[in-house]
Amino acid sequence: MAALESPEDKIAATETTSSSTSDRNYSIRRRTTVTDSDSTGVMGSEEGLKSSGKARDKVNNENQSHMIFNYRPSMPAHRCVRESPLSSDAIFKQSHAGLFNLCIVVLVAVNSRLIIENLIKYGWLINSGFWFSSKSLRDWPLFMCCLSLPAFPLAAYLVEKLAYRNCISEHVVVFLHIIITTASLLYPVLVILRCDSALLSGGTLMPFACIVWLKLVSFAHTSSDMRAIAKSIDKENAPSISSNADNSYDANFKSLVYFMVAPTLCYQSSYPRNASIRKGWVVRQFVKLVIFTGFMGFIIEQYINPIVQNSQHPLKGNLLYAIERVLKLSVPNLYVWLCMFYCFFHLWLNILAELLRFGDREFYKDWWNARTVEEYWRMWNMVHFYTSNSLIYLRLWGLFTGNEFLL
């Protein structure tokens, strides 16, 4: 090796290399700092380093971190045409992760200030009376109504069994399905109106009733279509069907039960299934569900309720004051809507799908990138998009009246 200085100097020799071309006339100076232990190791293995090229490469790689580039004053700094990073030609050609992080910091700071200001002004307003009141314990009729909702799918199953055995005509089947689906929606409404229920009880029963209604409509529509396929004699005149569709029809009670609890509104005789249940994943998602649900309740109690209670009637007060109240409510309402979407369409539906090993979990698409209202409406709720209820009712009405155009 070249002569090494003693450890007391702490600085190795300086190597200077210069480029031979005129347009790159600058030098590179490398300065290496050597510690006592490094010098001792190098001196002790001097003979080994001479014979081992790999060891020399290792030392050179370690010393590259101490490279210092010194440019000559005559070296040109501007060599090409370049745009500013925020110009229109270059702004979309780079990453904006730093600006995104800055927006997150500003958002957290602004909302933290609003939270502190709200707590100073109103204090802690959250109480259990808004969600659980003394009426909640007396809402047993709503609880019994919720337990009786499975009677409507059972009635729809019996209707399909009778239709499969040709005991009733097609028009009677359609009429019975319309009666069943309508009753499944009106029955909980009447119970809630008769019983002065709390917000949580009534707000829990109605979503269940709406889901049962939508599922029954899908079941009636799909069963009618499968029954028409099974009864078609001339296969060449039958409508074209995908090769993946199951043409055999029989009212399967297990399929209906699985459909009623599955996170979908589209009835099928079979669904894609996962092999196993990830229990740890379910626990983590459930913890997130509890946290975000509590955060949503905190926003409602701490922000929305005080603003609404302190607001005047919109038709009796000043117009500018009403606009200011609406704009003040827009931010917490947006947060509540985002929490609701995340809790239901992501956390709850994925938890339910994991417990049932339901495979198709595209419950929504990237609606935040939608460019039109129509595109947004088709992307934010894929479960709703797959079930076109207006077309289903037109189909049922066409079967009932014999209108071929609606069929």
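Residues numbered from 1 in each chain as written. Predicted model: local features only at pLDDT ≥ 70, side-chain atom pairs only at ≥ 80, totals over all residues. Heavy atoms only, no water.

Going by an unreviewed UniProt entry, the protein carries the name O-acyltransferase and comes from Salix brachista. One UniProt comment on the protein, placed under Sequence similarities (unreviewed entry), says "Belongs to the membrane-bound acyltransferase family. Sterol o-acyltransferase subfamily." Under the heading Subcellular location (unreviewed entry), UniProt records this for the protein: "Endoplasmic reticulum membrane". (UniProt positions renumbered as here; feature names shortened; annotations may be inferred.)

Looking now at the overall build of the protein. Assigned secondary structure in the protein consists of 15 helices and three strands. Classification of the 407 residues of the protein by burial places 29% in the buried group. The contacts in the protein between residues at least 6 apart in sequence include a share of 69% that link residues at least 24 apart. If you sum the accessible surface of the protein, you get close to 27,400 Å²; carbon and sulfur atoms cover 63% of it. (Helix = DSSP H or I, 4+ residues; strand = E, 2+ residues; numbered from the N terminus. Buried < 20%, exposed > 50% of the residue type's maximum accessible area, 1.4 Å probe, protein only. Contact = heavy atoms within 4.5 Å. Areas by Shrake-Rupley, 256 points an atom, 1.4 Å probe, with all protein chains shown as cover.)

Our next topic: helix α12 (residues 319-356). Along its 38 residues, α12 runs 52 Å from first to last C-alpha, staying within 8% of the 56 Å computed at 1.5 Å per residue. The largest bend along α12 reaches roughly 30° and is located at Ser330, with the proline Pro332 sitting one to four residues downstream. Arg357 occupies a position one or two residues after α12 and carries a positive phi of about 55°. (Expected span 1.5 Å × (residues − 1). Bend = angle between axes of the 7 residues up to and from the residue.)

The next point concerns the UniProt feature "transmembrane region" (unreviewed entry) in the protein. Sequence positions flagged by UniProt for "transmembrane region" (unreviewed entry) are, in local numbering, residues 99-120, 140-159, 171-193, 199-217, 286-304 and 334-356. Overall, residues 140-159 shows 90% helix and 0% strand. The separation of its end C-alpha atoms is 30 Å. Between the end C-alpha atoms of residues 286-304 there is a gap of 26 Å, over a span that is 100% helix and 0% strand.

The next point concerns the packing of aromatic side chains. For the coordinates displayed, the defined rule picks out 20 aromatic pairs. Directly above the aromatic system of Phe259 lies the positively charged group of Lys215, at a separation of 4.5 Å from the ring centroid. One cation-aromatic arrangement involves Arg278 over Trp281; the distance from NZ or CZ to the ring centre is 4.6 Å. (Phe/Tyr/Trp six-rings, centres within 6.5 Å; stacked < 30°, edge-to-face > 60°. Lys NZ or Arg CZ within 6 Å of the ring centre and 35° of its normal.)

Attention now moves to the pattern of salt bridges. Inspection of every chain in the model, using the stated rule, returns seven salt bridges. Taking the shortest distance from any N to any O, the salt bridge between Glu354 and Arg278 comes out at 3.2 Å. Within this pair, whereas Glu354 is found in helix α12, its partner Arg278 is found in the loop between α10 (253-261) and α11 (279-309), the two being separated by 76 residues in sequence. With its nearest N and O atoms 4.0 Å apart, the salt bridge here joins Arg371 to Glu375. The class for Glu375 is buried, based on a relative accessible area of 18%. (Salt bridge = Lys/Arg side-chain N within 4 Å of Asp/Glu carboxyl O.)

Spanning 26 residues, helix α4 (residues 97-122) covers 37 Å between terminal C-alpha atoms, matching the ideal 38 Å at 1.5 Å per step. Where α4 ends, the next residue or the one after it, Gly123, has phi of about 80°, a positive value.

Moving on to the side chain of Thr264. Tracing the backbone through its elements, the reader meets Thr264 in the loop between α10 and α11. Residue class for Thr264 comes out buried when judged on its relative accessible area of 12%. A distance of 3.2 Å separates the side chain of Thr264 from the backbone nitrogen of Cys266, its partner in a polar contact. (Polar contact = N/O pair within 3.5 Å; in protein donor to acceptor, adjacent residues only side chain to side chain.)

Further remarks concern the packing of α4 against α11. Look at α4 against α11: their axes get within 11 Å of each other, and the N-to-C directions meet at 65°. For the element pair α4 and α11, the recorded crossing hand is left-handed. For the pair α4 and α11, contact is made by Leu114, Ile115, Asn118, Leu119 and Tyr122 and by Phe298, Gln302, Tyr303 and Pro306, respectively. (Axes fitted to C-alpha atoms, helices over the stretch in contact; angles between N-to-C directions. Left-handed = near helix turned anticlockwise from the far one by under 90°.)

Once that is clear, we can look at unusual backbone geometry. Notably, Asn166 is not glycine yet its phi reads approximately 60°, a positive angle. Relative to the helices and strands, Asn166 resides in the loop between α7 (151-164) and α8 (170-194). The phi dihedral of Arg357 is positive, around 55°, even though this residue is not glycine. Positionally, Arg357 belongs in the loop between α12 and α13 (373-379). Classification of Arg357 by relative accessible area gives partly exposed; the value is 27%.

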